[in-house]
Amino acid sequence: MKSNSLLFLLALVSSTVSATSAEDNYKTYCWQCHGMQGNGAGVNVGDMSVQPRDHTSAKAMGGRSDADLFKVIKEGGLAIDKSVLMPPWGATLSDDEIHELVKYLRKLCQCG
Amino acid sequence: MKRYWLLIGLWIAAPALAADGKDILEQQCASCHALRGPAAQTVAELWQRKGPDLFYAGIKYKRDWLESWLIKPQRLRPAGYLYFQHIKPGDKQDVPDTQTLTPHPALAASDAKAASDALLELKPPALSALVTAGDFKGGDISLSSGEMVFDKFNGCLACHQIEHDFGGLSGPEVYTGAKRMQEDYLVSFIRNPQAWNPKIPMPNKHTAEPNIQKIVQYLVALARGAADEK
């Protein structure tokens, strides 16, 4: 019984260690277009034909449901009839990580 | 007679004096580049990388380009590697923080040749299996049609420059992409970037196979244009 508890504890610790926080994923994958401050002014925006969404704007983000945000992160802009410039991150991030990113976006916009 | 012995002695010693490519890689490249796999499996591991992985350089790069670039390196990633470690807020948008960007060291011609030879030997079987000779079918595309596929249909311009000072800054420029990289590798990489490097900020866009071919045709056309300009 003791060994079972130990195994469970080890599994819990290792899953906690390997999970990447939403903040770190946002920095790694989203900053390039949505910006270090999440305001849509990323390092790539200069020559973009469609400007990335300002994640700090309650007005721009308030109309999006959590389901839409999940879908657009996982499947890309075209999946919700938005720009092809928003790529799908489903091959890079797990569903759990995308759900955490949706929560993080809600903190940035202070909406929803 | 003494002179002959000296010449014979030099002839025997010569191979030992020539720079060993593997030694150069270990001594001058390993502090920033992974010479052994696997690629970073987590974001935390990715953040430790200071330069692109080289442990599959023999599958990825073209030898002629590699040798000439090592003699005279030029920045390929406007915002460095990795972009998020080398940017800062600007007036209108984030900008590369050039003070944090360090130039890549240049090698002497003989060292560049030896290092390129050693790099071209780096072909891990598991990754070699991702590439089939002839994956790139060849063929031509006009620059305007290629740009349409690259930008309008797939949005690659968001992160990659297609000419100096035009395009995104977070990824490597692509106007010399086909000079640098083997076409069959490019097809495989675009098809599934995560198979090569699971956590890099390059998404898998599930691009249809004909469009992957067109994108690589476009990169070849761009590289030809870049070469013509020189």
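Being a predicted model, the structure only gives us computed values, none of them experimental.

Draft legend 1. Examining helix α10 (residues 183-191) of chain B more closely. Counting buried residues along α10 of chain B, 8 of its 9 residues qualify, which places the element largely inside the surrounding structure. Along α10 of chain B, the residues that are buried comprise E183, D184, Y185, L186, V187, S188, F189 and I190 of chain B.

Draft legend 2. Local environment of the state of the cysteines. Applying the stated rule across the entire model yields 1 disulfide over all chains. One disulfide bridge connects C109 of chain A with C111 of chain A, the sulfur atoms lying 2.1 Å from each other. Sign of the S-S torsion, about -85° for the bond between C109 of chain A and C111 of chain A, identifies this disulfide as left-handed. For C109 of chain A, a relative accessible area of 3% corresponds to the buried category. The closest cysteine sulfur to the non-disulfide-bonded C156 of chain B is located on C159 of chain B, 8.7 Å from its own sulfur. Classification of C156 of chain B by relative accessible area gives buried; the value is 18%. Its sulfur unpaired, C159 of chain B is 4.8 Å from the next cysteine sulfur, which belongs to C33 of chain A. For C159 of chain B, a relative accessible area of 18% puts it in the buried group.

Draft legend 3. Seen up close, the confidence of the model for chain A. Across chain A, the average pLDDT comes to 89, with 84% of residues at 70 or higher. Under a pLDDT of 50 for its full length, residues 12-17 of chain A has, in the predicted model, 0 contacts with residues more than four places off or in other chains.

Draft legend 4. Layout of the packing of aromatic side chains. Scanning the entire structure with this criterion turns up 12 aromatic pairs over all chains. Ring centres of Y26 of chain A and Y104 of chain A lie 5.2 Å apart, and the angle between their planes is 55°; this geometry places the pair in the tilted category. In this pair, Y26 of chain A sits in helix α2 (residues 22-34) while Y104 of chain A sits in helix α5 (residues 95-109), placing the two residues 78 residues apart along the sequence. Ring centres 5.7 Å apart and planes at 45° place the aromatic pair W47 of chain B and F84 of chain B in the tilted group. A residue pair is termed long-range when its members are at least 10 positions apart, and W47 of chain B in helix α3 (residues 43-47) and F84 of chain B in the loop between α5 (63-71) and β1 (87-89) qualify at 37 residues. Taking relative accessible area as the criterion, W47 of chain B reaches 23% and is therefore assigned partly exposed. Judged by its relative accessible area of 3%, F84 of chain B falls in the buried class. Taken together, the ring pairs in this structure connect F55, Y56, Y185, F189 and W196 of chain B into an aromatic cluster.

Basis of the calculations
Residues numbered from 1 in each chain as written. Chains lettered and ligands numbered in written order. Predicted model: local features only at pLDDT ≥ 70, side-chain atom pairs only at ≥ 80, totals over all residues. Heavy atoms only, no water. Buried < 20%, exposed > 50% of the residue type's maximum accessible area, 1.4 Å probe, protein only. Helix = DSSP H or I, 4+ residues; strand = E, 2+ residues; numbered from the N terminus. Disulfide = S-S within 2.5 Å. pLDDT = per-residue confidence, 0-100. Contact = heavy atoms within 4.5 Å. Phe/Tyr/Trp six-rings, centres within 6.5 Å; stacked < 30°, edge-to-face > 60°.

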